Amino acid sequence: MLARPALPSFDYVRANNPDEVVRLLQEHGAAAKLLMGGTDLFVRMRDGVIRPQIVVDVKHLPGMRAIEYDEGAGLTVGAAVTMNQLARHPQVQTHYPLLAEAANSVASYQVRNRATLGGNLCNASPAADTAPAVLVLEGRLVLHNPQGEREVAARDFFTGPGQTAMRENEFLKAVRLPPPPEGSAGKYLKLGRNKVGDLSIVGVAVFAFPDGTKPSGYVFRIGLASVAPVPLRAWEAEEVLATHSPGEETFALAAEKAMEAATPIDDVRASAAYRKVMVRALTRRGLERVWEALE
Amino acid sequence: MGIHSITVTVNGAKERLDVPSNMTLLQMLRDKLGLTGTKNGCSAGECGACTVLVDGEPVNSCLMLAVEADGRQVTTVEGLAHDGQLSALQEAIIEHNAVQCGFCTPGMLISAHALLERAPRPTEQQIREALVGNLCRCTGYLRIIEAVQTAAKKGGA
Amino acid sequence: MAELTSNPVGKNTPRVDAYEKVTGTAIFTDDLPFGPGLYYGRLVRSPHAHALIKSIDISKALEVPGVKAVVTGQDFDTRIGLYLVDRPVFAKDRVRYVGDPVAGVVATSEDIAEEAAKLVEVEYEELPAVFDPVEAAQPDAPLLHPDLGEYKVANFIFPEPGTNISEHFRLRKGDVEAAWPRCAAIVEDTFRLPHIQHVPLEPHVAVALWEPSNQVTLWTSSQSPFAQRDLIAQSMGIPHGNLRVISPYVGGGFGGKAGVSMEVYAVAMARAVKGHPVKLRMTREEEFIGTTVRQALVAHTKIGCDAEGNLLAMETEYYFSGGAYNDYGVNIVRAAGYSCTGPYYIPNVKGDSYCVYTNMPIGSAMRGFGMPEIHWGIEQIMDQLAEKIGMDPAEFRRRNCVKTGDIILTGMKMPAIDLVACIDKVTKAINWGKKEPPSAPHKKRGKGIAIMWKAPAMPPNPGSSAIVRFNEDATVNVEIGAQELGQGAFTVVAQMAAEVLGVPYEWVRVSAPVDTKYSPYEWQTVASRITWSTGNAVKAAAEDARQQILALVAKHWNEDPANLDIKDGIVISYKSEREQPLKDMVIYGLPNENFEGWKGGPIVGHGKFMPTYVTNLDFETGQGPRAVVHYTVGAQAVDLEVDTETGQVEILKIASAYDVGKAINPDLVLAQIEGGAVHGMSSAFEALKFDERGRPLNPNLVDYRIATAADAPREIHGDIVETPLEDGPWGARGVGEHVMVQTAPAIANAIYNAIGVRFNDLPLSAEKIFMALQ
Ligand SMILES: Cc1cc2nc3c(=O)[nH]c(=O)nc-3n(C[C@H](O)[C@H](O)[C@H](O)COP(=O)(O)OP(=O)(O)OC[C@H]3O[C@@H](n4cnc5c(N)ncnc54)[C@H](O)[C@@H]3O)c2cc1C
Ligand code: FES
Ligand code: FES
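Conventions we followed
- Residue numbers here run from 1 along each chain, matching the order of that chain's written sequence.
- Whichever chain is written first is A, and whichever ligand is written first is 1; the rest continue in order.
- Two thresholds apply to this predicted model, a pLDDT of at least 70 for residue-level local features and 80 or more for giving and counting side-chain atom pairs, whereas whole-chain, interface and lining totals are computed over all residues.
- The basis for the side-chain values is all heavy atoms of the structure; hydrogens and waters are excluded.
- Contacts between residues were defined by any pair of non-hydrogen atoms, one from each residue, lying within 4.5 Å.
- By convention, the term buried area covers the 1.4 Å-probe accessible surface removed from two parts as they join, with the contributions of both added.
- Take a side-chain nitrogen of Lys or Arg and a carboxyl oxygen of Asp or Glu: if they are within 4 Å of each other, that pair is a salt bridge.
- A 3.5 Å cut-off defines polar contacts: any pair of N or O atoms within that distance qualifies, except that in protein one atom must be a possible hydrogen donor and the other a possible acceptor, and neighbouring residues in sequence count only when both atoms are side-chain atoms.
- Secondary structure elements follow DSSP: runs of H or I of four or more residues count as helices, runs of E of two or more count as strands, with numbering from the N terminus.
- In this scheme Phe, Tyr and Trp rings, the latter by its six-membered ring, pair at centre separations within 6.5 Å, and the angle between planes marks the pair as stacked below 30 degrees, edge-to-face above 60, and tilted otherwise.
- Classification of residues uses two cut-offs on accessible area relative to the type maximum, computed with a 1.4 Å probe and protein chains only: under 20% is buried, over 50% is exposed, and between them is partly exposed.
- Lysine NZ or arginine CZ positioned within 6 Å of the ring centre and within 35 degrees of the ring normal marks a charge as sitting over the ring.
- Using a 1 Å grid laid over the protein atoms alone, points where a 1.4 Å probe fits but cannot get out form a cavity; open sets with protein on both sides within 12 Å along at least 5 of 7 lines form a pocket; any residue with an atom within 4 Å of a point counts as lining.
- Grid points are joined across faces, edges and corners, and a volume is the space filled by probe spheres set on the points.
- Classification used: nonpolar for Ala, Val, Leu, Ile, Met, Phe, Trp, Tyr, Cys and Pro, charged for Asp, Glu, Lys and Arg, polar for all others including Gly.
- For the domains described, the bounds stem from an automatic or database domain assignment.
- Proximity is defined per residue: if any heavy atom of the residue lies within 4 Å of a molecule or strand, that residue is considered near it.
- Areas reported here follow the Shrake-Rupley algorithm with a probe of radius 1.4 Å; residue values treat only the protein chains shown as occluding.
- When DSSP finds two or more bridges between two strands, those strands count as paired.
- Note on definitions: angles span 0 to 180 degrees between N-to-C directions of axes, and those axes are lines fitted to C-alpha atoms, for helices only across the stretch in contact.

Colleague: Break down the interface of chain C and chain A for me, citing the residues and quoting the values.
Modeller: At the junction of the two partners, chain C supplies 34 residues and chain A supplies 29 residues. Roughly 2600 Å² of surface becomes buried between chain C and chain A when both sides are summed, with 50% attributable to carbon and sulfur atoms. Considering only the surface of chain C that becomes buried against chain A, Glu645, Arg705 and Glu767 of chain C emerge as the three largest contributors, covering 21% of it. Between the two partners, chain C and chain A, sit 11 salt bridges. Close ionic contact of Glu645 of chain C with Arg285 of chain A constitutes a salt bridge, the shortest N to O distance being 2.9 Å. Linking chain C with chain A are 22 residue pairs in polar contact (both at pLDDT 80 or more). If you list the elements that add at least two residues to the side of chain C that touches chain A, you get strand S1 (39-45), helix H3 (110-117), helix H8 (284-290) and helix H18 (766-773) of chain C.

Spelled out as structure tokens, the structure:
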């Protein structure tokens, strides 16, 4: 019922190469858990939700803490890059300000020194604050497995609360984001019980850029957190924005559609009903802010 | 359970320690090294009383394993004063009566110290956001914020 | 050389504990070293809100290597409690809330104890539970304490055996029925407050050592080392002289560390492993449900005034949810009863205050002790009455608030205070009456005001004592049994001692930790009574020492002591202009002429204080000559914004003013005022939540949110009013709790001013406010 006073016993292993990780995963199955910042893992272990026998520290593997930017290829963020590393990286700030903003919205400064982008995504909480940003930036997750590597689109990655498309013998190596479209702008809005630092009751990422092929002249993308079993895109709202010219009415309609896309639950943080209307309010606010930046 | 032999520098002194896998950095500091200035208020990353610097950056020592500190530099509240000379921040906390029960103070000092290291002249909003992970039930925070401003004016942490 | 401060009373001397606290060297209970012989305890807690214990099987737990003992209710045929002895040391035949301890496991490590605790098998038979205090007060409600009639109880507490009512306080003054027809405006409504928790940054921790010789030592983070000694000694059958309680710095109390909560379990477990200290510490999660909480309240209140705005009548029923055990809670309810009008003069009053057992965590003392709860409704009704008769709410309060010499609801004459001055200060500070623009079109701005009173709520005769001793160099040690919780107690007693003794403030040390074996008696560090009560004892002790010094030097100089004084550590004569430094003479005395003998000796001053004038109150009417020692009063005004698109509230400014009699250390008073304003603000948004079976949903800091540095208002303004208290040291009265009593209703009144919606129930969640706007 209540959390334990301290962490239960386990064996800590620091992995030095990817194959060792795969081997340990194959050998121990669910009894092995991977560790990066531990800000989810240790909390869940203390809460008694999971009790791994072996904890494999993967953050020291080659490339796990690197951020690389290339104009053609875009951004590659090692899975173990911390939120603070991401938020203060000059090229992330310049080319992916939305991602920096989302990373910076997580928890507190000291937690962000340990919390990683990869951990946030792998933990697959519906409330993961970086998920909406990664979704609207059309990120791809690079998974290492016995065969080598495979990539999964962020939109296919989350399969349920705490559930992902990762197989038992796979782990996350990096997150890739395509180069930002010309003239793009983004905004992450988060509603919590405190002004800063709380888990999201609702999180909304809006990302947009001009696109002549669309009837409205723009592509808008909307990502939502904390309002469904998984972080998700508001596809119908995006469709409205692709087909109607931007402005107050369109934004209101799109916000309505985003609200319809949300299927939240009642929990101790907020009711489903409040969450739904907050999706609408934050989506409209986000669209207005992004539109201001685009104009 | 595994026992790990680690080398860690704590407040400038090199230590060699044997730590079990599940020992947190907080437990190591308090129980192994007797550095009880760093406090435990929740064991869950929420209160900030356990905040210490690892390689100059603040972390919640309750959510980091001792073994993860192998080869790294750790600074605790006990390491802020030098030869009995308080840091500008410690002096400012006293001057502003920004301490009451004192349980949050060690973690608060560490977070504020790190802030001044990365942003020597922080805005009020920056200070507030930098301290969000350090709960204080006594002071109401404003005096702490003022103390950080005073220390900044006097030239840093 | 640091500067020395003469005559420190009234000055902003630095805190005596600050250096230790900023360097991490201040010792708290969990920091004490006990060596390798230390054992750890963990508690087995009930998963049910109400159930009979059919059997407990500890055999599997005992088999775990490293487990040293497992104790259960079968091992203790005793109960414990402050005003009403209603709490078994471990639940014996019945559990009464989710979290009720049924067994304690002692092991060589906390981890082993935790693992073994999971192996204790308890068979329960669930009983119907009751959570709402109004339901629980009904005759057919499930009964929590069938033996209520057999419990020992203080002579001013009145439980009703056969019901769940553990205290019923009645207040009858004038004739309310005759007054209602004369009212031009009447407001009647129901207000609710949820359970909230103190959330001290330091969770409860206790270490107990029961020696084979039956000497017992308890190290605890406690506001009440002496009360703990008394209650635990009585309950566990230990002679008082054999039980020693040592209490280092307390990392925040707010009432939660008053009386006895988890400490008795440490002692009970230590008895099973004599010779080994046993450490019991609460996790943050246990802190929320396994220590104590502020009682929830349902208040039905009706108040009326005439067309000129004079209050005429009030009728109120307070149903406090006392939780499973009400040993301390009964007196909160009594205090709410005898102060039920709030800080107003109302000629006709009918008040009924009930403490009701519910299958909830234990309700106990929390900053304000019943006052934040009752002011929540009263202060909103006052605004509504003012609106109904078309009067400004601040003016309405000026007209009706208690004033010096009023015969208040209990028949007592109000000691000197100036609440109108407090109202004037806060209205000025907040620009009262000036509508200010919101910062964005979707926001609405508003201001609100609320006032308060609170008396120290305690038995009639709680005592304080103090010792003042000199060292060879004329530095001074002040010994008190009062505790430093962060409020600054040690600093103000040092100021007082220095002032009386005529030595610089910097020469005074306060002996710590509080240790019942060496420290002079103190009832408890509660009720905002230390500056006043312990202050009086310290002042008396210092005066005693001072008289000894002056008599000695006068004799030595052959002068009249009346001509002598002590300044900056030197005895001077205004007549002969001779000087005698205190150094050396305060220990070694003074030599006679030609060293033909010596006179004097080590100077030790003693002092005590106990109020002697408080009377019991009539059982039927609550009337009596002197209900309480005094009241502290104050006002707060709030300026805020409501985001109409989300329901979020931003507090822009809180202005507070309190009549503290005399600010011994003005900056420490302001520090209380600021910290309390944020605590009060935070409390308006806090709630412990439970499911339909009484299981806590948010006993952690993830989902029980308290205000952070980002949430604190942009500005907090504090004002000090000084109307001297007759029997206060230098006129001082306390101000520790008062500073958060009326913050929540001030916020509610400001929200109403902003958006025109009233909220009768706390918390003021964004969701609730948003939904109300739709
Ligand atoms: C006080 C506090 C506040 C928080 N506030 C927020 C908040 O506001 N917003 C928010 O979104 N989150 C919040 N979190 C949650 C958490 O900090 C984030 O989800 C963080 O990003 C997790 O990263 P990590 O590196 O700590 O993950 P870890 O805890 O190390 O790992 C997370 C999960 O992923 C698995 N894993 C780790 N590495 C890999 C890998 N390479 N491949 C596959 N699986 C892997 C782990 O086994 C574990 O199940 C908070 C946590 C705390 C303690
Ligand atoms: S103890 Fe680490 S954050 Fe509370
Ligand atoms: S001073 Fe007590 S918690 Fe901050």
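Colleague: Quick one: what's the story with the packing of aromatic side chains, residue by residue and with numbers?
Modeller: Evaluated as defined, the whole model comprises 27 aromatic pairs over all chains. Plain terms: the ring middles of Phe220 of chain A and Phe251 of chain A are 6.0 Å apart, the flat faces sit at 65° to each other, and that makes the pair edge-to-face. One end of the pair, Phe220 of chain A, is in strand S13 (residues 218-225); the other, Phe251 of chain A, is in helix H11 (residues 248-261), and 31 residues separate them in sequence. The residues Phe220 of chain A and Phe251 of chain A share a single accessibility class, namely buried. Seen from their ring centres, Phe226 of chain C and Tyr521 of chain C are 5.2 Å apart, and the 65° between their planes marks the pair as edge-to-face. On the criterion of sequence distance, the pair formed by Phe226 of chain C in helix H6 (residues 225-236) and Tyr521 of chain C in the loop between strand S22 (514-515) and helix H14 (530-557) is long-range, its members being 295 residues apart. An aromatic cluster of at least three residues, connected via ring pairs, comprises Tyr218, Phe220, Phe251 and Trp291 of chain A. Looking at Lys302 of chain C, its charged tip hangs above the ring of Trp180 of chain C, at a distance of 4.2 Å from the centre.

Colleague: For empty space enclosed by the protein, give the residues involved together with the corresponding values.
Modeller: Scanning the model with the defined rule gives eight cavities of 30 Å³ or more in all. What the largest cavity holds in volume is close to 660 Å³. Of all the secondary-structure elements, those providing two or more residues to the lining of the largest cavity are helix H13 (489-501), H14 and helix H16 (666-683) of chain C. No other element matches the three residues that H16 of chain C contributes to the lining of the largest cavity. Of the residues contributing to the lining of the largest cavity, the split by class is 21 nonpolar, 15 polar and five charged. Its volume calculated, the second largest cavity comes out at about 460 Å³. If you trace the second largest cavity, you find 30 residues lining it, with Pro5 of chain A, Asn40 and Ser43 of chain B together with Asp30 and Arg281 of chain C closest to the centre. Ranked by residues supplied to the lining of the second largest cavity, first place goes to helix H1 (residues 25-32) of chain B with four residues. Among the residues making up the lining of the second largest cavity, the classes are represented as 13 nonpolar, seven polar and 10 charged.

Colleague: I'd like a rundown of the domain arrangement of chain B, residues and numbers included.
Modeller: Residue and element names in this part refer to chain B. For chain B, the assigned domains are domain 1 (3-78) and domain 2 (88-153). Each of domain 1 and domain 2 has a C-alpha centre, and the two are 21 Å apart. Between domain 1 and domain 2, the contact holds 16 residues from the first and 12 residues from the second. Interface area for domain 1 against domain 2, summed over the two sides, is near 1000 Å², with a carbon-plus-sulfur share of 68%. Of all residues in domain 1, the largest losses of buried area upon contact with domain 2 belong to Lys39, Thr51 and Val77, amounting jointly to 37% of the total for that side. Between the two partners, domain 1 and domain 2, sit zero salt bridges. Of the residues forming the side of domain 1 that touches domain 2, the biggest block, three residues, is contributed by strand S3 (residues 51-54).

Colleague: Residues and numbers for unusual backbone geometry, please.
Modeller: All names here are of chain C. For the bond from Ala512 to Pro513, the omega torsion is 0°, close enough to zero to count as cis. Among the structural elements, Pro513 can be located in the loop between strand S21 (508-510) and S22. Of note, the amide linkage connecting Leu762 to Pro763 takes the cis form, showing an omega dihedral of 0°. With respect to the secondary-structure elements, Pro763 resides in the loop between helix H17 (743-755) and H18. Notably, Phe369 is not glycine yet its phi reads approximately 50°, a positive angle. Looking at where Phe369 falls in the secondary structure, it is placed in the loop between strand S17 (348-357) and helix H10 (371-388).

Colleague: Go over the site of ligand 1 with me, naming the residues and quoting the values.
Modeller: Among the 36 residues in the neighbourhood of ligand 1, the closest are listed as Leu34, Thr39, Asp40, Thr116 and Asp129 of chain A. More than one chain reaches ligand 1: the nearby residues come from chains A and B. Here an oxygen atom of ligand 1 sits 3.0 Å away from a polar atom, N or O, in the main chain of Ala107 of chain A. In this structure, Leu172 of chain A approaches ligand 1 through a main-chain N or O atom, which is 2.8 Å from a nitrogen atom. Contact with the protein chains hides 93% of the accessible area of ligand 1, taken as 970 Å² for the molecule alone. The element that contributes the greatest number of residues to the shell around ligand 1 is helix H7 (residues 117-123) of chain A, accounting for four residues. Residue composition of the shell around ligand 1, by class: 21 nonpolar, eight polar and seven charged.

Colleague: Could you give an account of the sheet that holds strand S28 (residues 604-609) of chain C, with specific residues and numbers?
Modeller: All names here are of chain C. Spatially, four strands are ordered S21-S20-S19-S28 in an open sheet, and the strand pairing comes out mixed. Each edge of the open sheet is held by one strand with a lone partner, namely S21 and S28. Ignoring which end each strand starts from, the neighbouring axes of this sheet average 20° apart. By the bridge criterion, five bridges tie strand S19 (residues 464-470) to strand S20 (residues 476-480) in an arrangement that is antiparallel. Directly across from Ile467, in S20, lies its bridge partner Glu479. Along the sheet, H13 makes contact with S19, S20 and S21, crossing S21 at roughly 145°. Lying on the sheet, H14 is in contact with S19, S20 and S28; it crosses S28 at an angle near 145°.

Colleague: Now, about the sheet that holds strand S1 (residues 3-10) of chain B: what can you tell me, with residues and values included?
Modeller: All names here are of chain B. Read from one edge to the other, the open sheet built from five strands follows the order S2-S1-S5-S3-S4, with strand pairing classed as mixed. Looking along the sheet, the strands with just one partner apiece sit at the ends: strand S2 (13-20) and strand S4 (57-60). When the angles between neighbouring strand axes are averaged without regard to direction, this sheet yields 40°. Relative to strand S5 (residues 73-75), S3 runs antiparallel, the two sharing two bridges. Across the sheet, Leu53 pairs through a bridge with Thr75, a residue of S5.

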